[in-house]
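One letter stands for each residue in the lines below.
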Amino acid sequence: MSKTIIQEIRELVSITEREKARMKFEGYPNETEIRQFRDTIESGIILAQQRLVNRAKREGFTIISCPNGKVIEVDPCTITF
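Parameters at a glance
Residues numbered from 1 in each chain as written. Predicted model: local features only at pLDDT ≥ 70, side-chain atom pairs only at ≥ 80, totals over all residues. Heavy atoms only, no water. Helix = DSSP H or I, 4+ residues; strand = E, 2+ residues; numbered from the N terminus. Buried < 20%, exposed > 50% of the residue type's maximum accessible area, 1.4 Å probe, protein only. Expected span 1.5 Å × (residues − 1). Salt bridge = Lys/Arg side-chain N within 4 Å of Asp/Glu carboxyl O.

A. Summary view of the overall build of the chain. Counting secondary structure elements, the chain contains three helices and two strands. Relative to its full complement of 81 residues, the chain shows a buried share of 6%.

B. Spotlight on helix H3 (residues 31-59). Between its first and last C-alpha, H3 extends 42 Å over 29 residues, near the 42 Å set by a 1.5 Å rise per residue. Following H3 by one or two positions, Gly-60 has its phi on the positive side, about 75°.

C. Representation of the pattern of salt bridges within the structure. Counted under the stated rule, the structure contains one salt bridge. A salt bridge links Arg-55 to Glu-59, with the shortest nitrogen-to-oxygen separation between them at 3.3 Å. Separated by four residues within a single helix, Arg-55 and Glu-59 lie in helix H3, roughly one turn from each other. Classification of Arg-55 by relative accessible area gives partly exposed; the value is 42%. With a relative accessible area of 47%, Glu-59 lands in the partly exposed category.

Here it is as structure tokens:
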């Protein structure tokens, strides 16, 4: 299994040293802010998906999906959130 450069660096540098380096950056987001950013992005993705499904229902077209590498056509009326 090959490792990324980031994984290799993390293994070489202790957690304490990484935290010291992180604290040197002014304005660097903390764990709580990162979690909030992630939640905001996920909420935006869900909203975009809901709008796409609503538009498909309104305009009468189907949604194309690709679960597990297989392309399928989905009736938007069967999609629930």
